[in-house]
Amino acid sequence: MSKIEKNPVFQAAGATISDLRKSYGNNEVLKGISLEVKPGEVVCLIGPSGSGKSTLLRCVNLLEKPNGGTIHVGGFEATDPEVDLDRMRQNVGMVFQQFNLFPHLTVLQNCTVAQLKVLKRSSSEAKKIAAENLERVGLGDFGARYPDQLSGGQQQRVAIARALSMNPTLMLFDEPTSALDPETVGEVLAIMKTLAKAGMTMLVVTHEMAFAKEVADRVVFMDGGVVVEEGPAAEVIGNPQQPRTQDFLRRVLDPTHVDI
Amino acid sequence: MAMTTSQRARISKIVQAIIFVAVITTLVIVADWPKIRTSFFAFEKLGPMFPDLLLVGLKNTIFYTVISFAFGLSLGLVLALMKMASFAPYRWLATGFIEFFRGVPAILVLLAFGFGVPAAFPEAKWPFAVTVMLSLGLVAAAYIAETLRAGLQAVPRGQTEAARSLGMPAWRAMVTIVIPQAFKIVLPPLTNEMILLTKDSSLAFILGMTAAQYEMTKFGREGITSLGAGITPLIVAGALYLVITIPLSLITRRFENSSARTKR
Ligand SMILES: Nc1ncnc2c1ncn2[C@@H]1O[C@H](COP(=O)(O)OP(=O)(O)OP(=O)(O)O)[C@@H](O)[C@H]1O
Ligand SMILES: [Mg+2]
């Protein structure tokens, strides 16, 4: 278990990934990944660049089409060719490294557009929900601004509020703080921690080991398209068993260290 | 003696000014002013051109331009989407079309539609305006397609991905997220295309027109032969083109400025 205390307020669903395979041409990027995220659980995905973390995350909501294996998210089998992908994605929030806010819409509209067009909520209800979620990420007064009038950290918090406004039961984060200035990383991680406390199911790709150690229920270390090691955060990060994990963590935790 | 750069620049500026004044003076002295007035600015003789130059000519110029643009824009959007399609034959078809109609003179397309089609299909009778719309529209579509494709592709992929991951179907992501952003990008080149079309509408004369079909340039040409006012009719027609095209440019510039402001 993670070190933080949880008081669930979110409705949570889990995800089950089994024997997931994905290739780009001849390049097999995911070589049979199996992974379970239980409802309300926070799983951090770590690993070197190019190990397939983003690809795995993007397969979960079918932004990438897997070549094999199955993915179950909530009540949906994402890999079923008949599945209603748009319905499934309404339940799966995604937060991108580059924020991907809609620049032609205000902060409030960013948070209401999908509620209105996809969930067909009324304008007043959508605004109310958007305002609640902007409040939750500490940006209650920023609804009328445009994304380019915000700092990187603020933009990422809006992106989180936008995803939350759809009432997802599972949230995917792909290196949400990697594009941020160091001084704004903390504010985004703090929001993610409050989500974890509130019982959101989260699958997080991150290089923030301190965050993973404190917030994650489980940490999964990937390398070369396979899961090398997984377990409680304290064990995988604090006492890794596999040489590849040890090597990776040594480089991440002590960037100036070089093996010669 | 060595000169500094600023000294040299000053001397070059003075020389340019002297040449400019000399050229103007020569032209003013050499020119036959009374002749210039009667052949360029004989406005008093233009009475018979009005009000038809405006009610028929200006109206037809705008009419031919608008219908050709509307057709070109619709077809251009289809071609742009075809060019981005994953089905390769669509892409080939669109590329072939675009390369062809960008490469041949508009006047040739007009002639083909105006004389070739009636010859080949004697039964097919369609109004003059449709011939103009189809021929000028096909050429415009080729340019517009490339403009639209570039605009749509200039919107980052992450925008579509964010929209899809919020549960939007592909068409909804296109309509609500991608197209509004692409619109800002393509508005200036589309206005440019509209300006070109405004001028190209004058090519319609090549098909032979009845008086009710005259556009502004045709009125100008008629005026030259019938009014004895030199090329004054053309000067007036030319000014009327500017009345259409300059506001178009101004609108675009304003739009560019305002979108530059929201871009921080
Ligand atoms: N669209 C694509 N087409 C071809 N190859 C791709 C594509 N996306 C990813 N890859 C390849 O798949 C491999 C895994 O990429 P992925 O982005 O999943 O890694 P990652 O673990 O997220 O790395 P990083 O930490 O740098 O984000 C890389 O070798 C990459 O070059
Ligand atoms: Mg990645």
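Look up: the structure comes first, before these words.
Cut-offs applied
Residues numbered from 1 in each chain as written. Chains lettered and ligands numbered in written order. Predicted model: local features only at pLDDT ≥ 70, side-chain atom pairs only at ≥ 80, totals over all residues. Heavy atoms only, no water. Helix = DSSP H or I, 4+ residues; strand = E, 2+ residues; numbered from the N terminus. Rg over C-alpha atoms; globule rule 2.2 N^0.38 Å. Buried < 20%, exposed > 50% of the residue type's maximum accessible area, 1.4 Å probe, protein only. Contact = heavy atoms within 4.5 Å. Areas by Shrake-Rupley, 256 points an atom, 1.4 Å probe, with all protein chains shown as cover. Near = heavy atom within 4 Å. Polar contact = N/O pair within 3.5 Å; in protein donor to acceptor, adjacent residues only side chain to side chain. Patch = residues over 30% accessible without salt bridge, like charges linked within 9 Å, V, L, I, M, F, W, Y side chains within 5 Å. Salt bridge = Lys/Arg side-chain N within 4 Å of Asp/Glu carboxyl O. Buried area = accessible area lost by both parts, 1.4 Å probe. Expected span 1.5 Å × (residues − 1). Pairing = 2+ DSSP bridges.

### A look at the overall build of chain A
For step 1, the next point in the chain: Secondary structure summary: chain A contains nine helices and 10 strands in total.
For step 2, the next point in the chain: Taken over C-alpha atoms, the radius of gyration comes to 18 Å for chain A, in line with the 18 Å a tight globule of 260 residues would show.
For step 3, the next point in the chain: Projecting the C-alpha coordinates of chain A onto the three principal axes gives extents of approximately 60 × 45 × 35 Å.
For step 4, the next point in the chain: Split into buried and exposed, the 260 residues of chain A put 56% on the buried side.
For step 5, the next point in the chain: Across chain A, every contact between residues at least 6 apart in sequence was considered, and the portion connecting residues at least 24 apart equals 67%.
For step 6, the next point in the chain: Roughly 11,200 Å² of accessible area belongs to chain A as shown, and the carbon and sulfur atoms make up 47% of that amount.

### Brief notes about the site of ligand 1
Residues and elements named next belong to chain A.
For step 1, the next point in the chain: By nearness alone, every residue bordering ligand 1 is listed as Tyr 24, Asn 27, Val 29, Pro 48, Ser 49, Gly 50, Ser 51, Gly 52, Lys 53, Ser 54, Thr 55 and Glu 175.
For step 2, the next point in the chain: For ligand 1, a nitrogen atom lies 3.5 Å from a polar atom in the side chain of Tyr 24.
For step 3, the next point in the chain: Look at ligand 1: alone it shows 640 Å² of surface, and the protein chains cover 59% of it.
For step 4, the next point in the chain: Top element by residues in the shell around ligand 1 is helix α1 (residues 53-60). It accounts for three residues.

### Digging into a nonpolar patch on the surface
For step 1, the next point in the chain: Judged by side-chain polarity, Met3(B), Ile11(B), Val15(B), Ile19(B), Val23(B) and Leu27(B) come together as a nonpolar surface patch covering roughly 530 Å² of accessible area.
For step 2, the next point in the chain: Its place among the elements puts Val15(B) in helix α1 (residues 5-30).

### Description of the interface of chain A and chain B
For step 1, the next point in the chain: With 23 residues of chain A at the interface, the matching set in chain B holds 20 residues.
For step 2, the next point in the chain: Across the chain A to chain B interface the summed buried area is about 1,900 Å²; carbon plus sulfur atoms make up 58%.
For step 3, the next point in the chain: For chain A, the biggest contributors to the area lost against chain B are Phe102(A), His104(A) and Asp148(A); these three give 29% of the whole.
For step 4, the next point in the chain: For the interface between chain A and chain B, the tally reads two salt bridges.
For step 5, the next point in the chain: Note that Arg164(B) and Asp86(A) form a salt bridge whose closest N and O atoms lie 3.5 Å from each other.
For step 6, the next point in the chain: Where chain A packs against chain B, one counts five residue pairs in polar contact (both at pLDDT 80 or more).
For step 7, the next point in the chain: Every element with two or more residues in the side of chain A that touches chain B is listed here: α2 (85-90), β6 (92-95), α3 (107-117) and α5 (152-164) of chain A.

### Observations concerning the pattern of salt bridges
For step 1, the next point in the chain: In this structure the tally under the stated criterion is 21 salt bridges over all chains.
For step 2, the next point in the chain: Note that Glu230(A) is salt-bridged to Arg218(A), the shortest N-O span being 2.6 Å. Of this pair, Glu230(A) sits in strand β10 (residues 226-232) while Arg218(A) sits in strand β9 (residues 218-223), and the two are 12 residues apart along the sequence.
For step 3, the next point in the chain: Measuring nitrogen to oxygen at the nearest pair gives 3.4 Å for the salt bridge that ties Lys83(B) to Glu146(B). Separated by 63 residues along the polypeptide, Lys83(B) in helix α3 (residues 52-83) and Glu146(B) in helix α6 (residues 128-154) bring together distant segments of the chain.
For step 4, the next point in the chain: Here Glu146(B) falls in the buried class, since its relative accessible area comes to 17%.

### Digging into α6(B)
For step 1, the next point in the chain: An ideal rise of 1.5 Å per residue puts 39 Å on 27 residues; α6(B) measures up with 38 Å between its terminal C-alpha atoms.
For step 2, the next point in the chain: Most of α6(B) sits out of view: 20 of its 27 residues are buried.

### Things to note about the pairing of β6(A)
Residue and element names in this part refer to chain A.
For step 1, the next point in the chain: Every second residue of β6 is oriented toward a common face, with Val 92 and Met 94 on one face and Gly 93 and Val 95 on the other, all of them buried.
For step 2, the next point in the chain: Here β6 pairs with strand β7 (residues 170-174) via four bridges, running parallel. In the sheet register, Gly 93 faces β7, and the bridge partner there is Met 171.

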